[in-house]
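Coordinate inspection notes
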Amino acid sequence: MQDQPRLHVDPDAALLRDGANVPMREDQAHYLGVVLRRGPGDGVRLFNGRDGEWDAAIEHLHKRGRGAFRLLRRVRAPVAEDGPALLFAPLKRDATDLVVRMATELGVRSIRPVLTERTNASRVNLDRLRAIAMEAAEQCERLTMPDIGEPVRLADLLGGWPSEQTLWAAIERSASGPSPAQPGAGLLVGPEGGFSPHELDLLRSRRFVVGLSLGSRILRAETAAAAGLACLQGVRERWGLVPEGAASL
């Protein structure tokens with residue numbers, strides 16, 4: 001029996017329900033027909049955060065990127081996935097891609113690039129980041145897609161952050177360790193070279209910002225993002241804050 005491909009369906013594009021026909025995106029038709037060499041009758045799994053996950057079959061598949069799925073039965077109900085937000089300074093292309101993939105696998109609810117004084121990437125391709133997040137969600141079996149936000153400057157981020165929600169800041173050799181990350185919390189990771197002295201003063205002036213220690217070593221920015229999320233994930237699980245059936249974080 002072939003492994004069933006797992007594909008995300010935009011909730012705004014189709015409603016997943018018993019017996020429904022769902023149109024394929026062009027990239028899905030190419031992936032199934034050309035890459036995997038699947039055809040009518042072959043099984044797939046379709047999912048999104050609103051409708052859960054469904055067994056489906058390829059109804060028809062034509063050249064030039066056209067096709068449709070037929071929904072069979074739901075195999076997973078939707079669950080709340082209320083992980084933290086990840087705010088990070090964009091890195092070079094491959095490193096940024098890696099951060100988005102790892103953050104999606106670790107269950108973040110949203111991802112937003114933050115522009116700092118030492119940010120070394122001048123442009124952010126949001127469509128590319130969304131595609132990477134979608135592929136990671138398909139592979140790691142989460143149901144939801146993290147929201148990918150527009151880049152924001154650090155001062156503007158802090159000015160608009162809800163004061164009742166903790167913003168953990170990955171600061172080298174910070175004294176604080178993680179406490180339970182309640183829904184709404186965020187993790188802020190700076191650029192290679194860290195935050196500037198001015199930015200550190202700005203962070204320390206906000207009561208909702210708490211320094212998060214990631215140990216005594218100097219970590220690369222992409223490593224710090226994964227390590228910080230893993231710390232928060234582990235604390236949430238130990239304190240029983242991850243809903244049953246939900247993705248961690």
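In what follows, the structure referred to is the one given above.
Attention here is on the structure that accompanies the text.

Each value, and the rule that gives it
All chains use their own residue numbering, which begins from 1 and follows the written sequence. Residues qualify for local features only when their pLDDT is at least 70, as the model is predicted, and side-chain atom pairs are given and counted only at 80 or more; totals for whole chains, interfaces and linings, by contrast, use all residues. Side-chain figures throughout are based on the complete set of non-hydrogen atoms in the structure, without hydrogens or water. Secondary structure elements are defined from DSSP: runs of H or I of at least 4 residues count as helices, runs of E of at least 2 residues count as strands, and each element is numbered from the N terminus. Burial classes follow relative accessibility: with a 1.4 Å probe on protein chains only, a residue under 20% of its type's maximum area counts as buried, one over 50% as exposed, and anything between as partly exposed. Expected span, for any helix, means 1.5 Å times one less than how many residues it has. Side-chain atoms within 4.5 Å are what join buried Ala, Val, Leu, Ile, Met, Phe, Trp, Tyr and Cys residues into a set we call a nonpolar core. The criterion used for residue contact is that any of the two residues' heavy atoms lie within 4.5 Å. Planes of paired rings set the category: under 30 degrees apart is stacked, over 60 is edge-to-face and the rest tilted, where pairs are Phe, Tyr or Trp rings (Trp by its six-membered ring) whose centres lie within 6.5 Å. Consider the ring centre and the ring normal. A charge sits over the ring if Lys NZ or Arg CZ is within 6 Å of that centre and within 35 degrees of that normal.

Notes on unusual backbone geometry
One non-glycine residue with positive phi stands out, namely R37, at about 55°. Considering the arrangement of structural elements, one finds R37 in the loop between α1 (26-35) and β3 (43-48). Judged by relative accessible area, which is 70%, R37 ranks as exposed. For E141, which is not a glycine, the phi torsion comes out positive at approximately 70°. Looking at the element boundaries, E141 is found in the loop between α3 (126-140) and β8 (147-148).

Observations concerning α3
Between its first and last C-alpha atoms α3 spans 21 Å; for 15 residues at 1.5 Å apiece the expected length is 21 Å, and the two agree. Those residues of α3 that fall on the buried side of the exposure criterion are L126, L129, I132, A133, A136, A137 and E138. Taken from the residues just after α3, E141 is the one with a positive phi, measuring 70°.

Description of the nonpolar core
Grouped together as the largest cluster of nonpolar side chains are 25 residues, with contacts concentrated most on L86, F88, V100, I111, L187, V189 and L229. Counting only elements with at least two residues in this core, the list comes to β6 (85-88), α2 (93-105), α3, β10 (167-170), β11 (186-189) and α6 (221-238). The greatest single-element share of this core, amounting to 5 residues, is contributed by α6. Apart from residues lying up to four places away in sequence, L86 is in contact with V99, A103, V108, S110, I111, R112, L187, V189 and L229. Counting 18 residues, the second-largest nonpolar core is a separate cluster that includes L154, A169, L200 and L202.

Points about the environment of E138
Its location among the elements puts E138 in helix α3. In sequence terms E138 and P5 are 133 residues apart; their C-alpha atoms lie 8.5 Å from each other. For E138, the residues in contact, after removing those within four places along its chain, are R6, L7, H8 and F47.

Examining the side chain of T116
For T116, the location among the structural elements is in the loop between β7 (110-115) and α3. If sequence neighbours within four positions are ignored, T116 has contacts with A89, P191, F195 and E199.

Observations concerning α2
The end-to-end C-alpha distance of α2 is 19 Å, a good match for the 18 Å that 13 residues give at a rise of 1.5 Å each. Two residues or fewer past α2, G107 is found with a positive phi of approximately 85°.

Quick notes on the packing of aromatic side chains
We describe a pair of aromatic rings using the distance from one ring centre to the other and the angle between the two ring planes. Inspection of every chain in the model, using the stated rule, returns 0 aromatic pairs. The residue whose ring lies beneath R6 is F47, and the NZ or CZ to ring-centre distance is 3.9 Å.

Function-wise, these values are silent; they only describe arrangement.
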